[in-house]
Each structure stands twice: as C-alpha cells, then as structure tokens.
Amino acid sequence: MSTFSDRIINFNTHLEYNQPLPEGFDVLNPYIDNPETMEVMRAFYHKFYNDNHQRKFIIGINPSRHGAGVTGVPFTDTKRLESECGIVMKSAHTHEVSSVFMYDMIKAYGGVTKFYNDFYINSPFPLAIVRKAKDGKWLNANYYDDEALFKSVKEYMIETLKKHIALGVDTQKVFILGKKNATFLEKLNKEAVLFGEMIVLEHPRFIQQYKSKEKELYIDKFLTSFEI
C-alpha cells in the first residue's frame, strides 16, 4: 500500500506543463532544472509524510523561484530546509521571505514533525511562474496576475487540485493563503465543487513584508484558524 509520501513524490515526479502561455510568461520546473531538487524533495516527504494520515490542506498561489522553485517543498527555502527540517541542499542557497513567516508559525504550532503530520501544503499551480520584465530579467509571477494567464492555466489548476485531493487531504475545510488567491479559488470551486468551507488567511509574503511588526498577531490568527 502506498503512503502519503509515495503519492506526493509520484505527483511531483510527473509534473509538467506544456500548454501555451501568454507572451512574456514562462514556467520553471525545479525537478527538471536541478537534479538535487528531486533528491531533497524525496527526503523531505519520506521524513514527514511516510504514513497514511489524512491531512488538512493549505493552499498557496504558486511556488516562488527562491522557495519551492528551488527546494521542491512549498514555502521552504534552503535555509529552513536545513535548519528546521534537517535536510541539506548543496547545489543552491536561497532565502525566501514567505518561508521565514511559515517556519515561525510552524514553530509556534509545535514544530515541523507535528505540523507536517497534520497539514499538507501545495498550490493549484505547483510550478513556478515567471514574467519577463522590461529590462529582460525574469521575475516571480502569480497565476492571477494577468487575465489571459489565468485563462491559460485554469483547467490545469482544476485538474491539479483534484490530484492533490486524491493524495488524501480533508476537503471539508481548507485554508487559503492570500485574499486574491481566495477570490480565484472560489471561482474554481464554484465550477468544479472541490471543497467545503474555505478559510482565508493572509499570505505569508504579505505579512513578512508589510506587517512584520504584527507577526505574532498573525501567527495567533493562523493557529486559531487551525483550531489549536
């Protein structure tokens, strides 16, 4: 019988996006771009998900280039992957602001083992999206940043959310990170009827960048929402 970790690793191993995107956008697949990403991702899920417990589902937007876009683990840069999860990534060194808040919150929850035993985090679009700036540099982008982009990835996201559900998550109550993310996920949910109650929480990047002085209040809000 496959474990939760087996199912997640299988999902990540077969991730691909081959559909057209609007001009100026591209998709990064960390598992193809860096072989070590696959190694540390496998190590993470074997360590924390090697069972068949049902977990609550926390839904982000799409991976950032410096978080899951490198490590393959949502909201986890290489710093937190090593210091909090005990997994070293040698080929990359990243700092991602969302990861700082998430792991402060996870520590308040009771630590990584307890948290990942209870929660599964992923995104409706599980690969990193980038947008080409005027100076030619590629920047992080969100799936909802452009109406044409959203239309391009909409069906893929519905199918991806169904695959997440099949891993073994609780669909009666899910937690959405980011108010704008929630607006678009409500559209998808209305069409595909995937989830029951959708609890909206501020996105960790927003908290860390604009509300850092109130971080403890937001951590309390997360924990209260999780019914601790």
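In what follows, the structure referred to is the one given above.
Residues numbered from 1 in each chain as written. Predicted model: local features only at pLDDT ≥ 70, side-chain atom pairs only at ≥ 80, totals over all residues. Heavy atoms only, no water.

Looking now at the sheet that holds strand 5 (residues 138-141). Ordered in space as 1-4-5, the three strands form an open sheet in which the pairing is antiparallel. With one partner strand each, in any of the chains shown, strand 1 (25-28) and strand 5 form the two edges of the open sheet. For this sheet the average axis-to-axis angle between neighbouring strands, irrespective of direction, equals 40 degrees. The sheet contact formed by strand 1 and strand 4 (residues 128-132) spans four bridges and is antiparallel. The partner of Leu28 across the bridge, within strand 4, is Ala128. (Pairing = 2+ DSSP bridges. Helix = DSSP H or I, 4+ residues; strand = E, 2+ residues; numbered from the N terminus. Axes fitted to C-alpha atoms, helices over the stretch in contact; angles between N-to-C directions.)

Two elements in contact, helix 6 (residues 97-109) and helix 11 (residues 215-225), have axes separated by 10 Å at closest approach and are oriented at 60 degrees. In this view, helix 6 runs oblique relative to helix 11, as classed from their interaxial angle. As for how helix 6 packs across helix 11, the hand of that crossing is right-handed. Across the interface between the two elements, Val100, Phe101, Asp104, Met105, Ala108 and Tyr109 of helix 6 pack against Lys215, Tyr218, Ile219, Phe222 and Leu223 of helix 11. Here the residues of the contact of helix 6 with helix 11 are counted per class, giving nine nonpolar, no polar and two charged. (Parallel < 35°, antiparallel > 145°, perpendicular 65-115°, else oblique. Left-handed = near helix turned anticlockwise from the far one by under 90°. Contact = heavy atoms within 4.5 Å. Nonpolar A, V, L, I, M, F, W, Y, C, P; charged D, E, K, R; others polar.)

Another point: unusual backbone geometry. For Phe75, which is not a glycine, the phi torsion comes out positive at approximately 55 degrees. Along the chain, Phe75 turns up in the loop between helix 4 (68-71) and helix 5 (78-83). You can call Phe75 buried: its relative accessible area is 12%. Here the phi dihedral of Val193 falls at roughly 50 degrees; this positive angle occurs in a residue that is not glycine. Structurally, Val193 is set in the loop between helix 9 (179-192) and strand 7 (197-201). Given a relative accessible area of 66%, Val193 falls into the exposed group. (Buried < 20%, exposed > 50% of the residue type's maximum accessible area, 1.4 Å probe, protein only.)

Our focus in this paragraph is helix 6. Between its first and last C-alpha atoms helix 6 spans 19 Å; for 13 residues at 1.5 Å apiece the expected length is 18 Å, and the two agree. Turning to helix 6, its buried residues number three or more, namely Ser98, Ser99, Val100, Phe101, Met102, Tyr103, Met105, Ile106 and Tyr109. For helix 6, the side-chain oxygen to backbone nitrogen distance between the N-cap and Ser98 is 3.1 Å, and the N-cap itself is Glu96. Of the residues trailing helix 6, Gly110 is marked for its positive phi of about 140 degrees. (Expected span 1.5 Å × (residues − 1). Polar contact = N/O pair within 3.5 Å; in protein donor to acceptor, adjacent residues only side chain to side chain.)

This part takes up helix 8 (residues 147-168). Taking 1.5 Å per residue, 22 residues should reach 32 Å; helix 8 reaches 31 Å between its end C-alpha atoms and fits that length. In the structure, helix 8 departs most strongly from a straight axis at Val153, where the bend amounts to approximately 45 degrees. Restricting attention to buried positions, one finds in helix 8 the residues Leu149, Phe150, Val153, Tyr156, Met157, Ile158, Thr160, Leu161, His164 and Leu167. Here helix 8 starts with a cap whose side-chain oxygen sits 2.9 Å from the backbone nitrogen of Ala148, and that cap is Asp146. (Bend = angle between axes of the 7 residues up to and from the residue.)

A word on empty space enclosed by the protein. The tally for this structure, following the rule as stated, stands at four cavities of 30 Å³ or more. Approximately 130 Å³ is the volume found for the largest cavity. As for the largest cavity, its lining consists of 14 residues, and the residues nearest its centre are Asn62, Pro63, Ser64, Phe75 and Ser123. Looking at the lining of the largest cavity, its residues break down into five nonpolar, seven polar and two charged. By volume, the second largest cavity is sized at about 70 Å³. Among the residues forming the lining of the second largest cavity, the class breakdown is eight nonpolar, three polar and no charged. (1 Å grid on protein atoms, 1.4 Å probe; cavity = no way out; pocket = protein on both sides within 12 Å on 5 of 7 lines; lining within 4 Å. Points joined across faces, edges and corners; volume = space filled by probe spheres on them.)

These figures come from the coordinates and say nothing about function on their own.
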